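# Examining the three-dimensional arrangement
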Amino acid sequence: MAKLGTKKRPIIVRVHTEEMAKYVAEECTEHGWHYIIGFEPDEPEDISDLEKMLNPVKPITSVKVGRNEPCPCGSGAKSKNCCGGK
């Protein structure tokens, strides 16, 4: 699947007002994203694709803790006797 904001998979938004369409167009142009704006007053406004691009989800990273180091939970106990021992 193509990346969101590219020519093959543009950002698709549904807006009610000219002001919102202008905002979407400016944001997409500023970042170099391809987009399609639809004016549909009878449907709910949907700018979720734009929001996904402006606020990307950050991957969760895990922290490697040695058995004899303090537990990251803040208890002060060694990891092997606290959360790491479970």
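Relevant structure appears above.
Residues numbered from 1 in each chain as written. Predicted model: local features only at pLDDT ≥ 70, side-chain atom pairs only at ≥ 80, totals over all residues. Heavy atoms only, no water.

## Side note on the overall build of the protein
Scanning the protein from terminus to terminus reveals 2 helices and 2 strands. The order of helices and strands in the protein, counted from the N terminus, is β-α-β-α. By the compact-globule yardstick of 12 Å for 86 residues, the protein is too spread out, its C-alpha radius of gyration being 22 Å. Dimensions of the protein along its principal axes, counting C-alpha atoms only, are 60 × 25 × 20 Å. Residue pairs in contact within the protein that sit at least 24 positions apart in sequence constitute 46% of those at least 6 positions apart. In the form shown here, the protein has an accessible surface area of approximately 6,800 Å², with 53% of it arising from carbon and sulfur atoms. Of the side chains in the protein, 13 bear a positive and 13 a negative charge, and the two mean positions are spaced by 22 Å. (Helix = DSSP H or I, 4+ residues; strand = E, 2+ residues; numbered from the N terminus. Rg over C-alpha atoms; globule rule 2.2 N^0.38 Å. Contact = heavy atoms within 4.5 Å. Areas by Shrake-Rupley, 256 points an atom, 1.4 Å probe, with all protein chains shown as cover. Lys, Arg positive; Asp, Glu negative; His and termini not counted. Charge placed at Lys NZ, Arg CZ, Asp CG, Glu CD.)

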